[in-house]
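# Examination of the molecular architecture
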Amino acid sequence: MNRLAFALSLILPVTATAQTYPDATAIVSVGGPVTETVFALGQGDRVVARDTTSTYPNAALSLPDVGYMRRLSAEGVLSVSPDLILTRGTAGPPEAMDQLRAASIPIIEVTDDFTPQGVIATVRQIGAALGVPDRAETLAGDLTAAFDTLPQAPEHPARVLFVLSNQAGRLNVAGAGTGADGIITLAGAQNVMASEFSGYRILNDEALIAAAPDVVLMMTGQEDHEARAEEIFALPAMSQTPAAQNGAFVTIDGAALGFGPRTAAFAHELADAIANVTPHEH
């Protein structure tokens, strides 16, 4: 990270044309990072409903759930009579979003950007929308300081493969432009698939062997950690990788892939976890 450029970018103020709704008191918040940001700005009492991905802070869990972010029902959202909708730009389906726009309810869409700059921009955008730009600047400063504590990538960073799912032995893995790629980079490691493709893709055996990851990363789930590691490392192609040979398997909270107020903390945790399974090299 070019910290000077990053720091200079944070000095730029929110533009005067930002949409502002300081009187909104019935907000529907869609997307974990969006909801976390609203609460981090001290505006959680203005939220009347949230989506299924909004599980933090605990206070959000007591709110009505309008459904999964990418499978929203316009009727469900409208049933809580919102006067403002804050959402990640990836929310859907498109027809539901079109129905919400047709209802003439203000909608603020936050663009996914899996970088520290993106987190700061989201804080400022939401702060402006809620009419609390001063609080947004304070939070932006705190988060900037947190990002500045992240270690620089070593000369030979650990090569990490993020596995979204194991589909009968076929691994769905993360490439560039994903939250997984972003958090791996912030942790000072290298996403082995970042130079191969963008988004998520099923990896064939040849590509997996060639990638030769040092570490396998998955989201924290209900399954037993050791059982999942054993399952992944038992795959014939995976068994040939350094990760399998060293048993280097780590997990991360799924919220870390969304990029919000806790991103720096998640990156620190991941950096420590990677260091713990690759101490001989990293």
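Now for a look at the structure at hand. None of the values given here were measured: they were computed from a predicted structure. (Residues numbered from 1 in each chain as written. Predicted model: local features only at pLDDT ≥ 70, side-chain atom pairs only at ≥ 80, totals over all residues. Heavy atoms only, no water.)

### Observations regarding the overall build of the protein
Secondary structure assignment for the protein yields 11 helices and 10 strands. The globule rule puts the C-alpha radius of gyration for 282 residues at 19 Å, and the 20 Å found for the protein is close to it. Across its three principal directions, the C-alpha atoms of the protein cover 60 × 40 × 30 Å. By the burial criterion, 48% of the 282 residues in the protein qualify as buried. For the protein, restricting intrachain contacts to residue pairs at least 6 apart in sequence, the fraction spanning at least 24 positions comes to 60%. For the protein, the accessible surface area stands at approximately 12900 Å², while carbon and sulfur atoms represent 53% of it. (Helix = DSSP H or I, 4+ residues; strand = E, 2+ residues; numbered from the N terminus. Rg over C-alpha atoms; globule rule 2.2 N^0.38 Å. Buried < 20%, exposed > 50% of the residue type's maximum accessible area, 1.4 Å probe, protein only. Contact = heavy atoms within 4.5 Å. Areas by Shrake-Rupley, 256 points an atom, 1.4 Å probe, with all protein chains shown as cover.)

### Description of the nonpolar core
Counting 52 residues, the largest nonpolar core has Leu86, Ile126, Leu130, Ile183, Ile184, Leu217 and Leu270 as its most contacted members. Top element by residues in this core is helix 11 (residues 263–277). It accounts for 7 residues. Contacts of Leu270, omitting those with residues within four sequence positions, involve Ile183, Ile184, Ala187, Leu217, Val250 and Ile252. In terms of nonpolar packing, the next biggest core, distinct from the first, is built from 21 residues, Val163, Phe197, Leu208 and Met218 among them. (Core = buried A, V, L, I, M, F, W, Y, C linked by side-chain atoms within 4.5 Å.)

### Examining the environment of Ala210
Take Ala210: it is sitting in helix 8 (residues 205–211). Through-space distance from the C-alpha of Ala210 to that of Val192 is 9.7 Å; in sequence the pair is 18 residues apart.

### Some thoughts on the sheet that holds strand 4 (residues 107–110)
Backbone hydrogen bonds are what pair the strands of a sheet, in a parallel or an antiparallel way. Pairing in this open sheet of 4 strands is parallel, and the strands run 2-1-3-4 from one edge to the other. The open sheet has two edge strands, strand 2 (47–50) and strand 4, and neither has a second partner. Averaged over all pairs of adjacent strands, the angle between strand axes in this sheet comes to 20 degrees, irrespective of strand direction. As judged from the 3 bridges shared by strand 1 (residues 27–30) and strand 2, these two strands associate in the parallel manner. Across the sheet, residue Ser29 finds its bridge partner in strand 2, namely Arg50. Against the sheet, helix 4 (residues 94–102) makes contact with strand 3 (84–88) and strand 4, and its axis sits at roughly 140 degrees relative to strand 4, the strand it touches most. Sheet contacts for helix 5 (residues 116–129): strand 3 and strand 4; angle to strand 4, the most-contacted strand, approximately 170 degrees. (Pairing = 2+ DSSP bridges. Axes fitted to C-alpha atoms, helices over the stretch in contact; angles between N-to-C directions.)

### Focus on the packing of helix 5 against helix 6 (residues 133–148)
As a packed pair, helix 5 and helix 6 sit with axes 8 Å apart at the nearest point and diverge in direction by 165 degrees. Between helix 5 and helix 6, the angle is such that the two are roughly antiparallel. Considering how the two elements wind past one another, helix 5 and helix 6 form a crossing that is right-handed. Touching Pro116, Val119, Ile120, Val123, Arg124 and Gly127 of helix 5 are Pro133, Ala136, Glu137, Leu139, Ala140, Leu143, Thr144 and Phe147, all from helix 6. Among the residues making up the contact of helix 5 with helix 6, the classes are represented as 10 nonpolar, 2 polar and 2 charged. (Parallel < 35°, antiparallel > 145°, perpendicular 65-115°, else oblique. Left-handed = near helix turned anticlockwise from the far one by under 90°. Nonpolar A, V, L, I, M, F, W, Y, C, P; charged D, E, K, R; others polar.)

### Some details on helix 4
Among the residues making up helix 4, those that are buried are Ala96, Met97 and Leu100. Down the axis, helix 4 shows its buried residues gathered within 100 degrees of arc, on one side only. Residues of helix 4 that are exposed and point over 90 degrees away from its buried face: Pro94, Glu95 and Ala102. Tucked inside the fold, the buried residues of helix 4 contact helix 3 (74–78), strand 3 and strand 4. (Arc of directions from axis to C-beta.)

### Quick word on the packing of aromatic side chains
All told, the structure shown has 3 aromatic pairs when counted by the stated rule. Summarising the aromatic geometry, the rings of Phe162 and Tyr200 are spaced 6.4 Å apart at their centres and angled 65 degrees between planes, so their arrangement reads as edge-to-face. Here Phe162, found in strand 5 (residues 159–167), pairs with Tyr200, found in strand 8 (residues 200–203); they are 38 residues apart in sequence, far enough to count as distant. Among the residues examined, Phe162 registers a relative accessible area of 0% and is labelled buried. Considering the side-chain rings of Phe233 and Phe249, the 6.1 Å spacing of their centres and the 85 degrees angle between planes classify their relative orientation as edge-to-face. (Phe/Tyr/Trp six-rings, centres within 6.5 Å; stacked < 30°, edge-to-face > 60°.)

### Considerations on the pattern of salt bridges
Taken as a whole and judged by the stated rule, the model has 6 salt bridges. Taking the shortest distance from any N to any O, the salt bridge between Glu36 and Arg262 comes out at 2.7 Å. Of this pair, Glu36 sits in helix 2 (residues 32–40) while Arg262 sits in the loop between strand 10 (249–252) and helix 11, placing them 226 residues apart in sequence. By relative accessible area, Glu36 is classed as buried at 8%. Linked by salt bridges that have partners in common, Asp98, Arg101 and Glu109 make up one network. (Salt bridge = Lys/Arg side-chain N within 4 Å of Asp/Glu carboxyl O.)

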